[in-house]
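Observations on the model geometry
Here are the chains, one letter per residue:
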Amino acid sequence: GMGFYTTTANGTRSYNKIYNNTIVGNNLVIAGDPLYTNAGDLGLNLTGSNNIAFNNIWARCYRVVITPRIKHDYNLFYNNNTKNGIIITESHIQNLTADPFLNSAAYDFHLSAETTPGLKLNNKYSHDKDGNKRGYNSKWSRGAYQYIAP
């Protein structure tokens, strides 16, 4: 399903905060912003200013594109198609070669291990999708779920 969406009838989109999302397997060809696909591309293409994307996981997407107009960092990338040589660069990027999820085949996108710590955000964003406190273990997990050790 759709995790986030923002739009305007026309004009610019500013002050969007895209934090701690898990985006998996977006291979559709759909036009529209900000999570758009263009011939299968998955990207953030917000016009305007002060748009940011931190602590997200992008996994098994056809191709990920984040335009220079978006401030982005602390994102995790796993098994995305790198067709046409599009490379995302960030100061605190995490690229994985192993599946980071407990059971992605069954659509369980809880983390199987801790990610490299993401950016600690303010209290408004301090709980994950299940209500678990982020950073309880001194590490703010990337993605929709805080890693909880078994």
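Everything below is about the structure printed above this text.
Residues numbered from 1 in each chain as written. Predicted model: local features only at pLDDT ≥ 70, side-chain atom pairs only at ≥ 80, totals over all residues. Heavy atoms only, no water.

As for the sheet that holds strand E6 (residues 57-59)
What counts, and what does not: Two strands are said to pair when DSSP picks up at least two bridges between them. What counts as a helix is a DSSP run of H or I of at least four residues, what counts as a strand is a run of E of at least two, and both are numbered from the N terminus. Where helices are involved, their axes are fitted lines through C-alpha atoms of the stretch in contact, as for all axes, and angles between N-to-C directions lie from 0 to 180°.
Within the open sheet, the four strands sit side by side as E2-E6-E9-E10. Their pairing is parallel. A single partner strand is all that each edge strand has here, and the edge strands are strand E2 (22-24) and strand E10 (94-96). Averaged over all adjacent pairs, the angle separating strand axes in this sheet is 15°, with direction ignored. With three bridges joining them, strand E9 (residues 76-78) and E10 adopt parallel strand pairing. When the sheet's bridge partners are listed, Tyr78 is paired in E10 with Leu96.

What about the packing of aromatic side chains?
Condition: Centres within 6.5 Å are what make two rings of Phe, Tyr or Trp a pair, Trp counting through its six-membered ring; a difference in plane orientation under 30 degrees is then read as stacked, over 60 as edge-to-face, and the rest as tilted. Whether a residue is buried, partly exposed or exposed follows from its accessible area with a 1.4 Å probe, protein chains only, as a fraction of its type maximum: under 20%, in between, or over 50%, in that order.
One pass over the structure, following the stated rule, counts six aromatic pairs. Centroid distance Phe54 to Tyr74: 6.4 Å. Interplanar angle 85°. Geometry classified as edge-to-face. Taken together, the residues span a long stretch of sequence, with Phe54 in strand E5 (residues 51-54) and Tyr74 in the loop between strand E8 (70-73) and E9 at a distance of 20 residues. Classification of Phe54 as buried rests on a relative accessible area of 8%. Here Tyr74 falls in the buried class, since its relative accessible area comes to 16%.

Fair warning: the whole summary comes from geometry, so function is off the table for now.
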